[in-house]
Each structure stands twice: as C-alpha cells, then as structure tokens.
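Structural overview for review
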Amino acid sequence: MAVGVGCLVMTALAAFTLYSTRFFLTLRNCVDLDGQARHAVDRMSQEIRQADRVISYDPQKISFAMGTNTVTYVYDANGKSLLRYWGDRKNVLLSGCDSARFDIFMRQATNAVYETFPAATVDNAKVVQITWSCSRSVLGTKENTESMQSAQVVIRKQGK
Amino acid sequence: MKISPVSIRKSRSQGNVLLVALVVAGVTGLALVSYLSLISNQSAMTARSQTWNSAMPLVEAGVEEALAHVTQSPDKWDTNGWTWTSGFYWVQRNMGDGYYFVTLSNKSEPVIVSKAYLRAPLSSNYISRTVRVSVRNKNTAGPGIGAQKGIDMNGNKLYVDSFDSTDPTHSDANGSYDPTERKAGATVASNLGIQDAVSLGNADIWGRVATGIGGSIDALKNGVVGSAAFHASGTIGIETGYASTDADLPFPPIEAPLMGSSPPMVTSGSSYTLLLTNGVFEIGSLKGEIEVHGNATLIVRTEFDIKGNNAIRIAPGGHLDLYVYASSASFGAGSYNYSDGGKAKDLRYYGMPSNTYLSFNGNTSFVGVIYAPQAHVDMNGGGVGVNYAGSLMAKSIKLNGAYAFHYDEALAKLGSPGFVVTSWNEL
C-alpha cells in the first residue's frame with residue numbers, strides 16, 4: 001500500500017515538475033521576447049526619429065544617414081535575426097525572428113484620408129514602418145511563444 | 001507498559017506522509033514564489049517601459065509649445081509665460097502625472113531643448129528624457145528655380161533674372177516685374193550630384209547656377225550666367241564664382257488642410273468662375289476661373305486644367321493657397337494673378353505627393369509661387385508676356401521654347417510662417 005501511495009505521489013510530483021517546467025519555460029520565453037522587443041523598438045525608434053534621411057531601402061534592409069555616420073538594420077533570414085550595423089559594429093537586436101520587414105512612406109496625408117501615408121522612395125521617405133514576428137520553442141512547439149510587433153516611426157528632421 | 005507494533009508502524013507511516021506533504025508543499029511554494037517574482041518583475045519592467053515611452057509625447061509637447069511660441073512671437077520671446085534666465089528663455093508646464101521644462105535660444109536659428117519628467121512606477125523618483133531640436137524658418141519659395149533632380153533649359157533663348165516687388169527701384173510702380181529694373185539675384189539649383197545635373201543650353205541667367213555635391217553643369221552653347229555687369233559686357237559663358245556644387249535645397253513636407261467647403265460659383269454656359277472669400281474650400285475638378293476676395297484656400301482633388309485671360313484674379317489684399325492632389329495639372333495660355341499688379345506671395349501652389357506632373361502651355365503670365373516636390377514641371381511656349389514671376393520648386397524641371405522666368409527676391413525676405421526641424425537629437 002505504501003509503495004502504491006509513494007508511486008502515486010512520485011508520479012504526481014513528476015507531472016507537476018514537468019508541467020511547471022514547461023510553464024516556466026513558456027513564461028521565460030514570453031518575458032524574453034517582450035524584453036527583446038521592447039529594447040529593439042526603443043533603440044530603433046530613437047535612432048530613426050533623429051536620422052537625417054533614408055540612404056537605401058529594401059524590405060529586408062534599410063540604411064539611415066545620421067550626421068557623418070550610417071546605421072543599417074538588416075533582417076538575416078538564415079540566422080533568423082534582426083541585426084544593427086553602426087559603422088563596423090554589429091549588434092543583434094532580435095533573435096529567433098521568423099520574419100521582419102521594413103516599409104517606407106511619405107509624411108503628407110493621402111488625398112482626404114487622415115493618417116494614411118503614400119508609399120515613398122528613398123528620396124522622400126519620412127515614415128518608416130517596422131514589422132516583425134519572433135518566436136521561441138518549448139519542447140519543439142511554438143505554443144504561446146510568438147510575438148508580433150509593428151511600429152511606425154517618423155523621421156523628425158524636415159529640412160536642412 | 002506494552003506498546004503495540006501496529007501503532008508504531010502507523011505513527012511512522014504518518015511521519016512519512018507528513019514529510020512528503022512538506023516536500024510537495026515546499027516545492028509548490030518555491031515554484032509559486034518564483035512565478036510571482038517573475039510576474040512581478042515583468043510587470044514592473046512593462047510599467048517602467050510604458051512610462052519611458054510616455055515621456056516622449058511629453059517631450060514633444062514641449063517642442064510643440066516652443067515651435068508655436070517662436071511662430072507666434074518670432075521677435076519677442078519673453079511672452080506667454082516664457083522667462084529669460086542666463087542665456088535662454090524657458091517655460092515649465094504640468095501635464096498629467098509629469099511636467100516638461102523647455103528652453104529656447106538663438107533667435108536666428110532657434111534651438112529648443114525639451115526635458116520631460118514622469119513619475120516612475122511605484123516610486124517617488126522621476127524618469128526623464130531630453131531632446132534637443134534645431135529649427136529654421138520655413139521657406140518653400142526657394143532661391144529662384146530649384147529642383148531635387150535635373151533641370152533642363154534647352155529652349156531657344158530662355159531668360160532667368162530677378163526683381164524685387166517690394167523695392168520700387170527694382171520693379172514697376174505696382175511692384176511688378178520691369179525688364180529695365182531687373183536684377184541678377186536668381187539662382188537655378190539642382191540638388192542632384194551627377195554630371196549635367198543642370199543643362200543650360202542657350203539660357204541667359206542673371207544670377208547663379210548650382211548643383212549638388214559632385215554634380216556638374218552641361219556646357220553652355222550661347223548662354224550667359226553671371227552678374228548684370230557680366231551680361232552687359234557681352235561675354236558668353238559662366239562668370240567666375242557664379243557656379244557651384246553646394247546645392248542642398250530643403251523640400252519639407254506640405255501640411256495641407258484636410259477638407260473644405262464647396263466654393264460658391266457663377267456659371268455662364270459651360271464655363272464657371274469660383275468666387276472665393278475668406279475660408280477653406282475644396283473642389284474635385286477645377287476647369288474654371290477663380291476670383292479671390294480675401295484669404296482663401298482651395299483644395300483640388302482630381303483634376304486641374306485652367307486657362308483664360310484672367311484665369312486666377314486676386315483682388316488687392318487677397319491671397320490664395322492652392323493644394324493640388326490631381327496627378328496632373330495644366331496652366332493654359334492666360335494670366336494667373338498677373339492683372340491688377342498681383343504679387344507672387346499672394347498665389348501659392350502646393351503640389352501634394354500625388355501631384356506628379358505640372359505644365360505651362362502657351363503664353364502664360366503667372367505671378368506666384370509653385371512648390372511641388374514630387375512633380376516634373378514642363379514650361380512650354382513663352383516668349384510673349386511676363387511668363388513666370390515668382391519662384392519654382394519641383395522634383396525636376398524642363399523649360400522649352402523662349403520661356404522667361406523672373407524670380408521675385410521679396411519672397412526670400414518674407415519667407416512663410418512656421419519653422420521646420422533641421423536636427424533632432426535625444427540627449
């Protein structure tokens with residue numbers, strides 16, 4: 001009887017440990033994704049706000065002139081990461097990134113529509129939209145550990 | 001006394017159960033404490049992040065107030081609650097749970113430093129963010145003819161010169177262009193830094209020519225660029241010091257009113273005349289003439305195609321701002337703010353991003369300012385009448401025929417209300 005009860009208790013304990021470990025991993029991943037996204041948005045929005053202009057653009061790579069320096073954000077699909085280059089220095093802003101893209105817009109409102117910005121070229125880009133989706137796996141599944149973020153940032157500089 | 005072995009076994013068994021229960025409770029409690037601690041930290045981080053982000057609108061509120069202040073009181077800054085202290089003007093305003101402290105200095109090119117303070121979550125301390133913003137008077141009139149891309153002046157014999165509608169010695173009695181009082185203060189400038197960014201052909205330019213860094217000017221054929229004395233000398237070519245590669249013209253975004261009311265009009269057969277007074281008006285298709293009495297704004301949505309002897313008449317004291325969304329706009333042969341001694345400052349055309357083409361056809365007499373940063377402008381015909389007096393800023397420009405362009409230097413002195421941000425740095 002004691003062995004039976006012991007087995008039951010041990011099984012319950014093992015199940016509890018398993019589920020709580022899984023739960024903690026999920027929670028840790030959520031916290032990690034949240035913190036990583038917060039840091040990335042903060043860094044990128046601060047730099048884009050004070051950039052002089054967009055130098056080059058494609059949906060997975062965008063470069064800004066900042067005084068005499070250049071800052072570039074690149075989505076590395078193979079490495080699943082969003083990278084920031086400041087001169088020769090490289091930082092990983094986001095890891096475990098399933099997708100990321102940049103879009104550029106002009107600042108003026110579209111004809112009779114409020115807060116809808118027309119598409120832009122490098123020469124007249126004033127609004128930059130960043131969208132990404134990052135995830136983490138727990139025991140091989142992505143359950144509840146996906147984070148999608150999107151932000152529109154306006155380059156504040158208007159003239160010279 | 002005799003102790004029963006059954007009761008000993010029972011009490012041992014109860015002890016084991018208690019031990020296991022304590023271990024399970026301990027593990028569960030530890031897990032719970034860890035969980036609550038993680039959640040608590042996460043919550044604190046999120047709250048702090050929200051406060052950090054909320055500080056930015058507060059910083060911008062300070063910048064907005066400073067911009068509104070320098071716009072409203074460009075010469076007198078110690079008004080509206082602003083105070084002068086040791087080298088700068090400052091004001092502090094409370095807003096919600098925080099406040100901003102903003103300073104202003106340097107009147108020629110104002111520098112704004114805005115610092116926002118917000119109370120940190122669950123703390124009596126403040127989180128602060130600071131931004132330094134440099135601004136400059138907004139002037140969309142430009143230096144004469146200005147373009148982001150190329151300028152092509154390969155017409156028959158194009159003229160670009162200047163006059164000053166506020167100076168009686170360099171304009172006629174009404175302040176209009178007078179060829180006998182012309183000046184050499186016009187600039188033809190392209191921001192493009194490539195070979196032949198500006199193609200002059202046979203043009204006579206009374207003033208300067210400039211390209212972007214690394215750009216060059218196409219070799220003149222029989223044209224002249226330079227001062228009035230250089231033109232008088234009969235020399236062909238570019239006067240020394242009158243060409244440069246430092247063009248860096250600003251093309252700030254246009255802030256247009258969102259909508260307006262339908263304008264009153266008088267019809268005559270199939271034609272009509274809009275009668276604009278003080279206010280903001282809008283129209284889908286503009287094909288008729290315009291008469292302005294007062295300070296009017298007209299938004300044109302889909303079509304812009306006007307012509308006529310008095311296509312745009314602005315009564316003395318009147319002013320018209322045109323915001324054009326139509327993809328293509330055409331000024332036909334006719335006069336636009338030319339009759340009645342109109343001034344260029346009183347007719348301003350703003351081409352919105354969707355306005356990508358603009359043309360002048362025939363012998364136009366246009367007196368005004370065109371600012372169309374996304375439009376290519378074709379100027380065809382010319383040779384008779386004043387053609388164009390004012391200033392022109394566009395994406396790219398081509399002058400054909402025998403077009404004459406007269407830059408009104410008064411526009412540079414007047415500027416236009418408001419400021420544009422020239423640098424923004426978070427400190």
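Further up the page is the structure itself.
Residues numbered from 1 in each chain as written. Chains lettered and ligands numbered in written order. Predicted model: local features only at pLDDT ≥ 70, side-chain atom pairs only at ≥ 80, totals over all residues. Heavy atoms only, no water.

**What to know about the overall build of chain A**
Within chain A, the secondary structure is distributed over one helix and eight strands. Ordered by position in the sequence, the α and β elements of chain A form the string α-β-β-β-β-β-β-β-β. By the compact-globule yardstick of 15 Å for 160 residues, chain A is too spread out, its C-alpha radius of gyration being 22 Å. Expressed as lengths along the three principal axes of its C-alpha atoms, the size of chain A is roughly 85 × 45 × 25 Å. Scored against the burial criterion, the 160 residues of chain A give a buried share of 41%. Partitioning the contacts of chain A with sequence separation of at least 6, the portion at a separation of at least 24 is 49%. The distance from the centre of the 19 positive side-chain charges to the centre of the 14 negative ones in chain A is 4 Å. (Helix = DSSP H or I, 4+ residues; strand = E, 2+ residues; numbered from the N terminus. Rg over C-alpha atoms; globule rule 2.2 N^0.38 Å. Buried < 20%, exposed > 50% of the residue type's maximum accessible area, 1.4 Å probe, protein only. Contact = heavy atoms within 4.5 Å. Lys, Arg positive; Asp, Glu negative; His and termini not counted. Charge placed at Lys NZ, Arg CZ, Asp CG, Glu CD.)

**Here we look at the state of the cysteines**
The final tally for this structure, using the stated rule, is zero disulfides over all chains. Between Cys30 of chain A, a free cysteine, and Cys134 of chain A, which holds the nearest cysteine sulfur, the sulfur-to-sulfur gap is 13 Å. (Disulfide = S-S within 2.5 Å.)

**Thoughts on the sheet that holds strand S4 (residues 111-119) of chain B**
Residues and elements named next belong to chain B. The strand order across the open sheet formed by six strands is S1-S2-S3-S4-S5-S28, and the pairing between neighbours is antiparallel. Each end of this open sheet is capped by a strand with a single partner; those strands are strand S1 (83-85) and strand S28 (419-426). With strand direction ignored, the average angle separating the axes of adjacent strands in the sheet is 25°. Here S4 pairs with strand S5 (residues 126-137) via nine bridges, running antiparallel. (Pairing = 2+ DSSP bridges. Axes fitted to C-alpha atoms, helices over the stretch in contact; angles between N-to-C directions.)

**Points about unusual backbone geometry**
Positive phi, close to 50°, is recorded for Lys80 of chain A, a residue that is not glycine. Within the element layout of this structure, Lys80 of chain A appears in the loop between strand S3 (69-76) and strand S4 (81-86). With relative accessibility at 36%, the residue Lys80 of chain A sits in the partly exposed group. Residues other than glycine seldom take positive phi values, yet Asn337 of chain B does so here, at roughly 60°. Take Asn337 of chain B: it is sitting in the loop between strand S22 (328-336) and strand S23 (347-351).

**Description of the side chain of Ser199 of chain B**
Tracing the backbone shows Ser199 of chain B in strand S10 (residues 198-199). Dropping the residues within four chain positions of it, Ser199 of chain B is found in contact with Ile151, Asp152, Met153, Asn154 and Asp218 of chain B.

**Re the pairing of strand S8 (residues 159-163) of chain B**
All names here are of chain B. With four of five residues buried, S8 is to be regarded as a mostly interior element. Pairing of S8 with strand S11 (residues 204-210), which is carried by two bridges, proceeds in the parallel orientation. Looking at S11, one finds that Val160 is bridged to Ile205.

**Some points on the pattern of salt bridges**
Counted according to the given criterion, the structure contains 18 salt bridges over all chains. Across the pair Lys183 of chain B and Glu409 of chain B runs a salt bridge whose closest N-O atoms are separated by 2.9 Å. Taken together, the residues span a long stretch of sequence, with Lys183 of chain B in the loop between S8 and strand S9 (186-190) and Glu409 of chain B in the loop between strand S27 (404-408) and helix H3 (410-414) at a distance of 226 residues. What makes Glu409 of chain B buried here is its relative accessible area of 16%. Linking Arg313 of chain B and Glu291 of chain B is a salt bridge whose minimum nitrogen-to-oxygen distance equals 2.6 Å. Taken together, the positions of Arg313 of chain B in strand S20 (residues 295-314) and Glu291 of chain B in strand S19 (residues 289-292) put the pair 22 residues apart, joining distant regions of the chain. Look at the salt bridges and you will find they share partners, linking Arg49 of chain A together with Arg129 and Glu426 of chain B into a network. (Salt bridge = Lys/Arg side-chain N within 4 Å of Asp/Glu carboxyl O.)

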